[in-house]
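# Examination of the molecular architecture
These are the residues of each chain, in order.
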Amino acid sequence: MNGAVEVVRAGALTTVQDAGRIGWAHLGVPRAGALDAPARRLANRLAGNGADAAVLETTVTGCAVRPDRPVVAVVGGAPCRVTVDGRPVAWGTPVRVPAGAVLDAGPAVRGLRSYLAFGGGLLPDPVLGSRSADLLSGLGPAPLRDGDVLPLGQVPAGLPGADAVPWPGAPAELVLPLHLGPRHTWFTDEALRTLTTAEYRVSAHSNRIGLRTRGPALTRAREGELPSEGMVLGAVQVPPDGLPVVFLNDHPTTGGYPVVGVVHETALAGAAQAVPGTRVRFVCAGRDAGGLRNGRVEKRAD
């Protein structure tokens, strides 16, 4: 028996996340996994785990847990107040939590999502090779509730170091490099210029499925709807209200609204920490950038 952690305070939305379910989209299964992948990997490294060990991802309000054995824990991602049995301890570095003590990660001071890594990782039953909770499909462990118990993995050999390391901060402005297509021809040239020059804001209706935006609506160049087609992580879909939605880890694998472009997944970590109201800029990347800067939009057949 490697021990377990009991959930004392689940918070607004706390889920188990690892690297996600890669390679199942053809069966309609989303990726899931931690939205802020760099924060997950760093928390695991500081806890002495492999990069893909399962952690807790909190949303805004944090959470509190009680291990039944001594454990090394790291709270990273969004900065927050961290206590052990009410005593302040360090955020962003390894902390020794005695058996029966309560580790409390408080509300996020900046950003949205904090990550709690435990030496040995969390070991709920895997589903399709991942322990991640998927809020769209319902696969994996359900969002945590008070009283839930999660098994811990074997304590890794050696002790993690406590050296201070830089953690990425929540973005004051979210800059998303955009590769146009596959359905950018469904929008007017003026709409494409608007998309890549106007200021958008993060909507309070954003979630793990997609980052929704507030700002100028994009005008269609053609009417009608598409048959459902495959969707990828980072796809920028435009629903009937004309406001871009950037698909995140729990996104559906198919959809019928046109995708004006795609943001590469390496640029999406900031979206995990972008609070409502954060400025969003779509910056055209790749071979389309020059044409848009000069007021020309190349129309290619879809």
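Residues numbered from 1 in each chain as written. Predicted model: local features only at pLDDT ≥ 70, side-chain atom pairs only at ≥ 80, totals over all residues. Heavy atoms only, no water.

### Topic: the pairing of strand β5 (residues 71-77)
Taking burial as the measure, the seven residues of β5 include seven buried ones, the bulk of the element. Burial along β5 is two-sided: the face carrying Val71, Ala73, Val75 and Gly77 and the face carrying Val72, Val74 and Gly76 are both buried. Where β5 meets strand β8 (residues 95-97), three bridges bridge the pair, whose relative direction is antiparallel. When the sheet's bridge partners are listed, Ala73 is paired in β8 with Val95. In this structure, β5 lies alongside strand β10 (residues 114-118), joined through five bridges in antiparallel fashion. (Buried < 20%, exposed > 50% of the residue type's maximum accessible area, 1.4 Å probe, protein only. Helix = DSSP H or I, 4+ residues; strand = E, 2+ residues; numbered from the N terminus. Pairing = 2+ DSSP bridges.)

### Points about the pattern of salt bridges
Summed over all chains, the structure comprises 13 salt bridges. Of the charged contacts in the structure, one is a salt bridge between Glu57 and Arg113, with a shortest N-O distance of 4.0 Å. In this pair, Glu57 is assigned in strand β3 (residues 55-57) and Arg113 in the loop between β9 (103-108) and β10, connecting sequence segments 56 residues apart. (Salt bridge = Lys/Arg side-chain N within 4 Å of Asp/Glu carboxyl O.)

### Some thoughts on the layout of surface pockets
Considered as a void within the structure, the largest pocket measures approximately 300 Å³ in volume. Lining the largest pocket are 21 residues, and of these Arg31, Ala34, Leu35, Ala37 and Glu265 lie nearest its centre. Counting residues per element, the ones that place at least two in the lining of the largest pocket are α1 (37-46) and α3 (269-273). Here the lining of the largest pocket takes four residues from α1, the largest share from any one element. Taken as a whole, the second largest pocket encloses approximately 180 Å³ of empty space. (1 Å grid on protein atoms, 1.4 Å probe; cavity = no way out; pocket = protein on both sides within 12 Å on 5 of 7 lines; lining within 4 Å. Points joined across faces, edges and corners; volume = space filled by probe spheres on them.)

### Here's the deal with the packing of aromatic side chains
Inspection of the entire model under this criterion finds two aromatic pairs. Ring centres 5.6 Å apart and planes at 50° place the aromatic pair Trp91 and Trp167 in the tilted group. Highlighted residues: Trp91 in the loop between β7 (87-89) and β8 and Trp167 in the loop between β11 (149-151) and β12 (173-180), separated in sequence by 76 residues. Classification of Trp91 as partly exposed rests on a relative accessible area of 26%. Look at Tyr200 and Phe282: their rings are 5.9 Å apart centre to centre, the planes differ by 75°, and that puts the pair in the edge-to-face class. Taken as a pair, Tyr200 in strand β13 (residues 200-202) and Phe282 in strand β20 (residues 279-284) lie far apart in primary sequence, 82 residues in all. (Phe/Tyr/Trp six-rings, centres within 6.5 Å; stacked < 30°, edge-to-face > 60°.)

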